[in-house]
Amino acid sequence: SQQGEEDPQALSIQEGENATMNCSYKTSINNLQWYRQNSGRGLVHLILIRSNEREKHSGRLRVTLDTSKKSSSLLITASRAADTASYFCATVTRTGNQFYFGTGTSLTVIP
Amino acid sequence: DSGVTQTPKHLITATGQRVTLRCSPRSGDLSVYWYQQSLDQGLQFLIQYYNGEERAKGNILERFSAQQFPDLHSELNLSSLELGDSALYFCASSVTSGSNEQFFGPGTRLTVL
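In this text, all values refer to a predicted model and were calculated from it rather than measured experimentally. (Residues numbered from 1 in each chain as written. Chains lettered and ligands numbered in written order. Predicted model: local features only at pLDDT ≥ 70, side-chain atom pairs only at ≥ 80, totals over all residues. Heavy atoms only, no water.)

(A) Quick peek at the pattern of salt bridges. If you walk through the whole model with that rule in mind, you get six salt bridges over all chains. Among the salt bridges present, the one from Glu55(A) reaches Arg62(A), with a minimum N-O distance of 3.1 Å. The exposure class of Glu55(A) is partly exposed, given its relative accessible area of 42%. Overall, Arg62(A) belongs to the partly exposed group, its relative accessible area being 32%. A salt bridge links Arg63(B) to Asp85(B); the shortest N-O distance between them is 2.8 Å. With Arg63(B) in the loop between strand 6 (53–57) and strand 7 (64–68) and Asp85(B) in the loop between strand 8 (74–78) and strand 9 (87–94), the pair connects residues that are 22 residues apart, well separated along the chain. (Salt bridge = Lys/Arg side-chain N within 4 Å of Asp/Glu carboxyl O. Buried < 20%, exposed > 50% of the residue type's maximum accessible area, 1.4 Å probe, protein only. Helix = DSSP H or I, 4+ residues; strand = E, 2+ residues; numbered from the N terminus.)

Pasting the structure below:
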């Protein structure tokens with residue numbers, strides 16, 4: 001499968017702590033994107049990092065990309081209960097035509 | 001609200017039946033993507049259309065088909081339904097056919113009894 005795999009599958013932390021989730025993939029990519037999904041809802045785009053970028057920030061989010069290891073990480077700092085959701089990475093092939101979503105990390109932030 | 005609409009929200013039907021799911025992309029978006037999300041398979045890419053033309057195909061079964069109309073709305077047709085087709089079906093849209101972010105609709109929950 002060309003799907004990415006997130007690690008861990010589930011993560012439970014206290015409010016205020018940082019949450020880190022990882023994504024590994026198999027193919028060469030154009031970019032990698034992170035999405036968030038609240039239970040039973042549509043996915044919401046969080047951040048996009050291109051293959052020639054190594055790190056990107058957006059608010060409390062920090063994404064890193066290591067193309068040599070074919071891996072990415074998403075860090076959410078100072079977590080809030082409202083961050084409770086599933087987080088997916090999506091890899092976009094070099095042709096830009098194929099999106100492959102990972103298996104997701106379920107994050108629970110305990111108030 | 002992403003601007004992508006999907007109808008219906010819920011659909012309950014029997015095995016062997018055929019259903020049509022509808023998606024209206026965000027205003028200005030030319031690409032439409034269909035995904036299936038089930039508990040055991042995760043989020044599976046089915047098919048992509050760009051400006052009326054099929055652009056990419058994923059894990060779409062032969063019993064499933066889709067099309068994008070001149071007004072850019074899209075329909076996903078599921079036929080000879082099986083119990084295992086029960087899932088959330090998402091439509092997403094993006095501005096181009098390339099690698100931009102996708103905007104997801106709220107999904108259609110299909111239950112096959």
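(B) Region of the structure containing the layout of surface pockets. Its boundaries defined by the atoms lining it, the largest pocket holds a volume of some 430 Å³. Around the largest pocket, the lining is made up of 18 residues, and of these Gln37(A), Phe88(A), Gln37(B), Ser38(B) and Leu39(B) lie nearest the centre. The set of elements that each furnish at least two residues to the lining of the largest pocket consists of strand 9 (85–93) of chain A together with strand 4 (31–38) and strand 9 of chain B. Residue classes in the lining of the largest pocket are distributed as four nonpolar, 12 polar and two charged. The space that makes up the second largest pocket amounts to roughly 360 Å³. Around the second largest pocket, the lining is made up of 16 residues, and of these Gly42(A), Val44(A), Asp1(B), Ser2(B) and Phe104(B) lie nearest the centre. Mapped by element, the contributors of at least two residues to the lining of the second largest pocket are strand 5 (43–50) of chain A together with strand 10 (103–104) of chain B. For the lining of the second largest pocket, the class distribution of residues is six nonpolar, six polar and four charged. (1 Å grid on protein atoms, 1.4 Å probe; cavity = no way out; pocket = protein on both sides within 12 Å on 5 of 7 lines; lining within 4 Å. Points joined across faces, edges and corners; volume = space filled by probe spheres on them. Nonpolar A, V, L, I, M, F, W, Y, C, P; charged D, E, K, R; others polar.)

(C) The arrangement of the environment of Ser79(B) in detail. Residues and elements named next belong to chain B. Note on placement: Ser79 falls in the loop between strand 8 and strand 9. Overall, Ser79 belongs to the buried group, its relative accessible area being 19%. Residues Ser79 and Thr96 lie 17 residues apart in sequence; the distance between their C-alpha atoms is 29 Å. Those residues in contact with Ser79 that lie beyond four places of it in its chain are Gln17, Arg18, Arg63 and Phe64. (Contact = heavy atoms within 4.5 Å.)

(D) Region of interest: the sheet that holds strand 3 (residues 19–24) of chain B. Residue and element names in this part refer to chain B. Spatially, four strands are ordered 1-3-8-7 in an open sheet, and the strand pairing comes out antiparallel. In this open sheet, the two strands that pair with only one neighbour each are strand 1 (5–7) and strand 7. For this sheet the average axis-to-axis angle between neighbouring strands, irrespective of direction, equals 15°. In terms of strand pairing, strand 3 meets strand 8 through five bridges, oriented antiparallel. (Pairing = 2+ DSSP bridges. Axes fitted to C-alpha atoms, helices over the stretch in contact; angles between N-to-C directions.)

(E) Just the state of the cysteines, in detail. Evaluated as defined, the whole model comprises two disulfides over all chains. Across the disulfide from Cys23(A) sits Cys89(A); the S-S distance is 2.0 Å. On the S-S bond that ties Cys23(A) to Cys89(A), the torsion sits near 65°, and the link is right-handed. On the criterion of sequence distance, the pair formed by Cys23(A) in strand 3 (residues 19–24) and Cys89(A) in strand 9 is long-range, its members being 66 residues apart. The pair formed by Cys23(A) and Cys89(A) is uniform in burial state, with each residue classed as buried. Each disulfide pairs two cysteine sulfurs, and for Cys23(B) the partner residue is Cys91(B), the sulfurs being separated by 1.8 Å. Handedness of the Cys23(B)-Cys91(B) disulfide follows from its S-S torsion of about -45°: it is left-handed. Pair noted here: Cys23(B) is in strand 3 and Cys91(B) is in strand 9, with a separation of 68 residues, a long-range link. Each of the two residues, Cys23(B) as well as Cys91(B), counts as buried. (Disulfide = S-S within 2.5 Å.)

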